Amino acid sequence: MTIEISKKIQGLPESPTLAVTARAKELKAEGADIISFSAGEPDFDTPKEIKRAAIQAIEAGHTKYTPVGGINELKDAIIEKLKIDHNIAYTREEILVSCGGKHSFYNLCQALLNPGDEVIVPSPYWVSYPPMIQLADGEAKILTTTEATGFKVTPKSFKDAIGERTRAIVINSPSNPTGAAYTSSEIAEIAKVAVENEVLIISDEIYENIYYGDDKIVSAASISEEAKAITIVLNGVSKAYSMTGWRIGYAAGPKELISAMTRVQSQSTSNPASVSQWASVEALKGPKDKIDKMTKLFKSRRDLMVSGLNDIEGIKCLVPDGAFYVFADVSELYGKKFEGNTINNSIELSKFLLESAGVAVVPGSAFGDDDHVRLSYACGDDDIKNGINKIKEAVSRLS
Ligand SMILES: *Cc1c(COP(=O)(O)O)cnc(C)c1O
């Protein structure tokens, strides 16, 4: 018997960023010398105080089910964090802890969307937004942004994209894949349009700490009471504390919505891992010096990556404000040939770089932009220098 897969899942792509990482690993295992610029996570280890808190939690017997939406200790740590960093006041009913920020977004889509409801997703976008919207029977309305606006939505482009069925817009600042971050006045303008048009703001702040500006990332929820009432903040410990494997993310927002999201979670995963929750309490309440150190290091790597790339004929990129990615325009190389084969798009270029330069990058088409590729600098300086040299050498062989 052939098992028929549901219509909904038949059309669901696998995460393309994870696919590139897998192919690079495969080549490495075969003995090839591969430099990977495809990582979607910091290359640092989880700080030892956080690991210790997890070990202590196991020894103290925190190994059973917890309340579905998270332990109060973690909710309180999140509330305190949001108060200190953004001066926003939340109560426990306005917080939901989930199995990663990705899961927070998933629960939100399930709780919010009816068939045909639209969510405005600015492109280039994080690969997972459109499929999760689609899994909730919603529609991702792609709002294209380019270098001309620093890969940011403007109040006008946002307003023009709003239709009858628009429920929300996703703002991911700093952004994966572009590294673009909104200034406080830009966020205020976006919030104004959202409030006036009764469109929710899904504010993905997972990279807020990895930001190279002098000021701080401003959350839409902190703009005004009206803005807070229409904003769902999504965040987590994955990126700031190098805790991608622990799977803890959270949402903060209006309590009716958080309550609905908690019901989705109660009927699917139940609570996120108890031990990871206790480790996250330590992450949020503990010292912040590691974050600052990591961000400083990322900043110098960014500069190395950006200057190296802009030095290569046919490649150009903006200087990202945050996160650990560079989104480079490689479209000038399209139409060039390698060993008789023409390179026409970001997938073919990425394949060329992997197979003939030994460098793994992620094709921009995965993020809704075929003129670019994403390069992650969550790797050592030597890898960055060597990788850039290899790309330069390979590109010079194109004709
Ligand atoms: C990594 C990432 C997340 C969250 O990842 P989790 O590990 O699920 O917490 C959310 N949004 C963006 C844009 C990311 O890059």
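The shown structure was predicted, so the numbers you read here are calculated from the model rather than taken from an experiment.

**A closer look at helix α3 (residues 48-59)**
And then number 1: For α3, with 12 residues, the first-to-last C-alpha span of 16 Å sits near the 16 Å given by 1.5 Å per residue.
And then number 2: Listed in full, the buried residues belonging to α3 are Ile50, Ala53, Ala54 and Ala57. Projected down its long axis, α3 shows its buried positions confined to an angular sector of 100°, all on one face. The exposed residues of α3 that point more than 90 degrees off its buried face are Lys48, Gln56 and Glu59.
And then number 3: Where α3 is buried, its residues contact α11 (274-285).
And then number 4: Just past α3, the residue Gly61 takes up positive phi, approximately 85°.

**Points about α11**
And then number 1: Given a rise of 1.5 Å per residue, 12 residues ought to cover 16 Å, and the 17 Å separating the end C-alpha atoms of α11 matches this to within 8%.
And then number 2: In terms of burial, α11 is largely enclosed, as 9 of its 12 residues are buried.
And then number 3: Among all positions in α11, only Ser274, Val275, Ser276, Gln277, Ala279, Ser280, Val281, Ala283 and Leu284 are buried.
And then number 4: Close packing links the buried residues of α11 with α3 and α4 (72-86).

**Let's talk about the packing of aromatic side chains**
And then number 1: The tally for this structure, following the rule as stated, stands at 11 aromatic pairs.
And then number 2: Taking the centre distance of 5.3 Å and the plane angle of 80° together, the rings of Trp126 and Tyr129 count as edge-to-face.
And then number 3: Overall, Trp126 belongs to the buried group, its relative accessible area being 18%.
And then number 4: A network of ring pairs unites the aromatic residues Phe44, Tyr207, Phe298, Phe324, Tyr325 and Tyr377 as a single cluster.
And then number 5: Against the face of Tyr90 rests Lys228, its NZ or CZ located 4.7 Å from the ring centre.

**Points about the site of the ligand**
And then number 1: Neighbouring the ligand are 13 residues, the closest being Gly101, Asp204, Tyr207, Lys239 and Arg247.
And then number 2: Taking Lys102, its main chain carries an N or O atom lying 3.0 Å from an oxygen atom of the ligand.
And then number 3: Separating an oxygen atom of the ligand from a side-chain N or O atom of Asn176 is a distance of 2.9 Å.
And then number 4: Computed on the free molecule, the ligand has an accessible area of 390 Å², of which 93% lies beneath the protein chains in the complex.
And then number 5: Class assignment of the residues belonging to the shell around the ligand gives a composition of 4 nonpolar, 5 polar and 4 charged.

**Considerations on the sheet that holds strand β14 (residues 362-363)**
And then number 1: In spatial order, the strands read β9-β10-β15-β14; together these 4 strands make up an open sheet with antiparallel pairing. The open sheet has two edge strands with one neighbour each: β9 (316-317) and β14.

**Some words on the packing of α3 against α11**
And then number 1: Relative orientation of the contacting elements α3 and α11 amounts to 140°, with a least axis distance of 8 Å. By the criterion of interaxial angle, the relationship of α3 to α11 is oblique. Judged by the sense of rotation from one axis to the other, the crossing of α3 with α11 is right-handed. Residue-level contacts link Glu49, Ile50, Ala53, Ala54, Ala57 and Ile58 of α3 to Val275, Trp278, Ala279, Glu282 and Ala283 of α11.

**Remarks on the domain arrangement of the protein chain**
Size of an interface: often given as the accessible area lost when the parts come together.
And then number 1: You can read the domains of the protein chain as domain 1 (7-45 + 290-396) and domain 2 (63-285).
And then number 2: The C-alpha centroid of domain 2 is placed 26 Å from the C-alpha centroid of domain 1.
And then number 3: Taken together, the contact pairs 35 residues of domain 1 with 31 residues of domain 2.
And then number 4: Both faces combined, the contact of domain 1 with domain 2 buries some 2,700 Å², and carbon together with sulfur accounts for 62% of it.

**Description of the pairing of strand β10 (residues 325-329)**
And then number 1: Burial runs high along β10: 5 of the 5 residues are buried.
And then number 2: A two-sided burial pattern is seen for β10, the buried positions comprising Tyr325, Phe327 and Asp329 on one face and Val326 and Ala328 on the other.
And then number 3: Here β10 pairs with strand β15 (residues 372-376) via 5 bridges, running antiparallel. Across the sheet, Phe327 pairs through a bridge with Arg374, a residue of β15.

Here is what the cut-offs are and how they apply
- Every chain begins its residue count from 1, and numbering advances along the sequence as written.
- This being a predicted model, a pLDDT of at least 70 is required before a residue's local features are given, and a value of 80 or more before pairs of side-chain atoms are given or counted; all residues contribute to the totals for chains, interfaces and linings.
- The side-chain numbers reported here are obtained from all heavy atoms of the structure, hydrogens and water having been left aside.
- A helix here means a DSSP run of H or I that spans at least four residues, while a strand means a run of E at least two residues long, and both kinds are numbered starting from the N terminus.
- Every helix has an expected span of 1.5 Å times one less than the residues it contains.
- Each residue is placed in one exposure class: buried if its accessible area under a 1.4 Å probe, protein chains only, is under 20% of its type's maximum, exposed if it is over 50%, and partly exposed if it falls in between.
- By arc we mean the arc of the directions from the helix axis to the C-beta atoms, nothing more.
- Two residues form a contact once any of their heavy atoms are found within 4.5 Å.
- To pair, rings of Phe, Tyr and Trp, with the six-membered ring standing in for Trp, must have centres within 6.5 Å; the planes then decide the type, stacked if under 30 degrees apart, edge-to-face if over 60, and tilted in the middle.
- Counted as over-ring charges are cases with an Arg CZ or a Lys NZ within 6 Å of the ring centre that also lie within 35 degrees of the ring normal.
- One heavy atom suffices: a residue is near a molecule or strand as soon as one of its heavy atoms comes within 4 Å of it.
- Polar contact is the term for a pair of N or O atoms within 3.5 Å; when the atoms are in protein, one must be able to donate a hydrogen and the other to accept it, and sequence-neighboring residues count only if both atoms are side-chain atoms.
- Accessible surface is estimated by sampling points in the Shrake-Rupley manner with a 1.4 Å probe; for residues, cover comes only from the protein chains shown.
- Residue polarity follows a fixed list, in which Ala, Val, Leu, Ile, Met, Phe, Trp, Tyr, Cys and Pro are nonpolar, Asp, Glu, Lys and Arg are charged, and the others, Gly among them, are polar.
- Strand pairing follows a simple DSSP-based rule, namely that at least 2 bridges must link the two strands.
- Fitted lines through C-alpha atoms give the axes, limited to the stretch in contact for helices. The angle between two N-to-C directions lies from 0 to 180 degrees.
- For classification purposes, angles smaller than 35 degrees are called roughly parallel, those larger than 145 roughly antiparallel, those between 65 and 115 roughly perpendicular, and all remaining angles oblique.
- Here a crossing is called left-handed whenever its near helix is offset anticlockwise from the far helix by less than a right angle, and right-handed whenever the offset is clockwise.
- The split of the chain into domains comes from an automatic or database domain assignment.
- When two parts are put together, the accessible area they lose, computed with a 1.4 Å probe and summed over both, is reported as buried area.

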